2 protein chains.
Amino acid sequence: MQLDDIDRRILRELQQDGRMQNIELARRVGLSPSPCLRRVKLLEDAGVISRYVAVVDQAKVGLQLSMFARVSLTAQDAETIDQFIAAMKRLPEVVECYIMLGESDALLRVVVSDLADYRRFQAANLTRKNGIQTVKTDVPSETIKQTFALPL
Amino acid sequence: MQLDDIDRRILRELQQDGRMQNIELARRVGLSPSPCLRRVKLLEDAGVISRYVAVVDQAKVGLQLSMFARVSLTAQDAETIDQFIAAMKRLPEVVECYIMLGESDALLRVVVSDLADYRRFQAANLTRKNGIQTVKTDVPSETIKQTFALPL
DNA sequence: GATGAAAGCTTGTCCTA
DNA sequence: TAGGACAAGCTTTCATC
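Reading the values: the criteria
- Residues numbered from 1 in each chain as written.
- Chains lettered and ligands numbered in written order.
- Predicted model: local features only at pLDDT ≥ 70, side-chain atom pairs only at ≥ 80, totals over all residues.
- Heavy atoms only, no water.
- Domains from an automatic or database assignment.
- Phe/Tyr/Trp six-rings, centres within 6.5 Å; stacked < 30°, edge-to-face > 60°.
- Helix = DSSP H or I, 4+ residues; strand = E, 2+ residues; numbered from the N terminus.
- Lys NZ or Arg CZ within 6 Å of the ring centre and 35° of its normal.
- Contact = heavy atoms within 4.5 Å.
- Buried area = accessible area lost by both parts, 1.4 Å probe.
- Salt bridge = Lys/Arg side-chain N within 4 Å of Asp/Glu carboxyl O.
- Polar contact = N/O pair within 3.5 Å; in protein donor to acceptor, adjacent residues only side chain to side chain.
- Nonpolar A, V, L, I, M, F, W, Y, C, P; charged D, E, K, R; others polar.
- Pairing = 2+ DSSP bridges.
- Buried < 20%, exposed > 50% of the residue type's maximum accessible area, 1.4 Å probe, protein only.
- Expected span 1.5 Å × (residues − 1).
- Arc of directions from axis to C-beta.
- Axes fitted to C-alpha atoms, helices over the stretch in contact; angles between N-to-C directions.
- Parallel < 35°, antiparallel > 145°, perpendicular 65-115°, else oblique.

The name given to chain A in an unreviewed UniProt entry is Winged helix-turn-helix transcriptional regulator, with the source organism recorded as Shinella kummerowiae.

Asks: Is there a simple way to explain the domain arrangement of chain A in this structure?
Replies: Many structure descriptions define interface size as the accessible area lost when the parts assemble. The assigned domain composition of chain A is domain 1 (5-45) and domain 2 (58-138). Each of domain 1 of chain A and domain 2 of chain A was reduced to a C-alpha centroid, and the two centroids are 37 Å apart.

Asks: Would you mind going over the packing of aromatic side chains with me for this structure?
Replies: How two aromatic rings sit relative to each other is given by the distance of their centres and the angle of their planes. Per the stated rule, a full pass over the model turns up five aromatic pairs over all chains. On the basis of an interplanar angle of 70° and a centroid distance of 4.9 Å, the ring pair of phenylalanine 68 of chain A and tyrosine 98 of chain B is categorised as edge-to-face. Of this pair, phenylalanine 68 of chain A sits in strand 2 (residues 65-73) while tyrosine 98 of chain B sits in strand 3 (residues 94-100), each in a different chain. Note that arginine 19 of chain A overlies the ring of tyrosine 52 of chain B, its terminal NZ or CZ placed 4.2 Å from the centroid.

Asks: What is the right way to look at the interface of chain B and chain A in this model?
Replies: Taken together, the contact pairs 59 residues of chain B with 59 residues of chain A. Between chain B and chain A, the buried area comes to about 6000 Å², and carbon and sulfur atoms account for 61% of it. In terms of surface lost to chain A, no three residues of chain B exceed Arg19, Lys145 and Phe148 of chain B, which account for 13% of the buried area on that side. Counting every contact that joins chain B to chain A gives two salt bridges. One salt bridge connects glutamate 96 of chain B with arginine 109 of chain A, and the closest N-O pair in it is separated by 3.5 Å. The tally of links between chain B and chain A comes to 44 residue pairs in polar contact (both at pLDDT 80 or more). At the level of secondary structure, the elements contributing two or more residues to the side of chain B that touches chain A comprise helix 1 (5-16), strand 1 (49-56), helix 4 (78-90), strand 3, strand 4 (106-112) and strand 6 (140-146) of chain B. No other element matches the eight residues that strand 1 of chain B contributes to the side of chain B that touches chain A. Partitioning the side of chain B that touches chain A into residue classes produces 36 nonpolar, ten polar and 13 charged. Here strand 1 (residues 49-56) of chain A runs beside strand 1 of chain B; their pairing, made up of seven bridges, is antiparallel.

Asks: Looking at this model, I keep getting lost on the environment of aspartate 5 of chain A. Mind explaining?
Replies: Assignment of secondary structure puts aspartate 5 of chain A in helix 1 (residues 5-16). Sequence separation between aspartate 5 of chain A and valine 29 of chain A is 24 residues, and the spatial gap between their C-alpha atoms is 9.5 Å.

Asks: Explain the pattern of salt bridges to me, please; I cannot follow it from the model alone.
Replies: Opposite charge on two side chains permits pairing when their charged atoms draw close. All names here are of chain B. Counted under the stated rule, the structure contains 24 salt bridges over all chains. Across the salt bridge formed by arginine 70 and aspartate 138, the nearest N and O atoms sit 2.8 Å from each other. Here aspartate 138 lies in strand 5 (residues 132-138) and arginine 70 lies in strand 2 (residues 65-73), a separation of 68 residues in the sequence. Residue aspartate 117 is joined to arginine 120 by a salt bridge in which the shortest nitrogen-to-oxygen separation is 3.1 Å. Here aspartate 117 pairs with arginine 120, and both are found in helix 5 (residues 115-125), just three residues apart, close to one helical turn. According to the relative accessible area criterion, arginine 120 is exposed, its value standing at 52%.

Asks: Looking at this structure, I do not really get helix 4 of chain B. What am I missing?
Replies: The periodicity of an α-helix, 3.6 residues per turn, causes residues three or four positions apart to be oriented the same way. Relative to the 18 Å expected for 13 residues at 1.5 Å per residue, helix 4 of chain B spans 18 Å between its end C-alpha atoms, a close match to the ideal helical length. Of all the positions in helix 4 of chain B, only Thr80, Phe84, Ile85, Ala87 and Met88 of chain B are classed as buried. End-on, the buried residues of helix 4 of chain B take up no more than an arc of 165°, which puts them together on one face. Of the residues in helix 4 of chain B, the exposed ones pointing more than 90 degrees away from the buried face are Ala78, Glu79, Lys89 and Arg90 of chain B. Turning to helix 4 of chain B, the residues buried within the fold contact strand 6 (140-146) of chain A together with strand 2, strand 3, strand 4 and strand 5 of chain B.

Asks: When you look at the side chain of asparagine 125 of chain A in this model, what are you seeing that I'm missing?
Replies: Mapping asparagine 125 of chain A onto the fold places it in helix 5 (residues 115-125). Apart from the residues lying within four places of it in its own chain, the contact partners of asparagine 125 of chain A are Leu91, Asn130 and Ile132 of chain A.

Asks: What am I meant to see in the packing of helix 2 (residues 22-29) of chain B against helix 3 (residues 33-45) of chain B here?
Replies: The description of two packed helices rests on the angle between their axes and on the distance between the axes. All names here are of chain B. Across the interface, helix 2 lies against helix 3 with an axial gap of 9 Å and an inter-helix angle of 100°. Taken together, the axes of helix 2 and helix 3 lie roughly perpendicular to each other. Residues Asn22, Ile23, Leu25, Ala26 and Val29 of helix 2 pack against Pro33, Cys36, Leu37 and Val40 of helix 3. When the residues that make up the contact of helix 2 with helix 3 are grouped by side-chain class, the tally is eight nonpolar, one polar and no charged.

Here is the structure:
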């Protein structure tokens, strides 16, 4: 799908406020409501806009900590990796998971309420049965920025 | 703010679909529309729901790569750190930024279209003038999971 | 927390450039 | 091919119980 300038403006606006009314959005991008809505629907149908979500404040629901886990797997064969991937997808505490080139095999961001909670999570889930050999955990002291808004 | 069970159910639903109609949301959590909307407004006003956003598919807008940059600063004094923080907030390519305990001083996730784009970004922005001494970059080969939905 | 009514938005159809 | 105007059917939202 080829995006033009108006499409990009629509995406920028909806990345800032996903509940913006179509009337307001149309005004901001300089269209009348009907063609504006038509473009939004096209962007949704093409999967450019994959979904709309509410962003919940981590601290306000008692989940103070994000932890980064650098994972080494027990092996690099397809079976081990697939087993690991399936396990990570299943765990709601794992909010980001990447298979990495280089030193570690994977990188996780894990959301927990405190250090005790993380220890419990690690002992229960970051284990051999999920294909994991070792875990090195990096601890952030402060979150400066956290967004899904892409630079368009 | 104290959350009860219905509040948590509301948050779970809206984390999945931030544009769910209030009528549908009310049905799912077992309330009639008015008290449901009242709860949503309270959650918004308290900042538990901080915002609503459209999630854009990185690949579909030509931003194929996320890169992780482990940053060491030139110094750890408040001035250097503040200068660094201000710079990271300003850069739209930096979608996540954490100040770290341990080996590196900060961890970034940077969204770019390709390796050449990243090299350009690094040369222009991850520099001494932003308080940065060295950068070690980790490259993901695959994104398994990426969500802001917290485990509630 | 539920009900009911007013106001406003979404969204489809048709028309025009 | 793409935007604009209009109308029907919703939802939201507020006052009241």
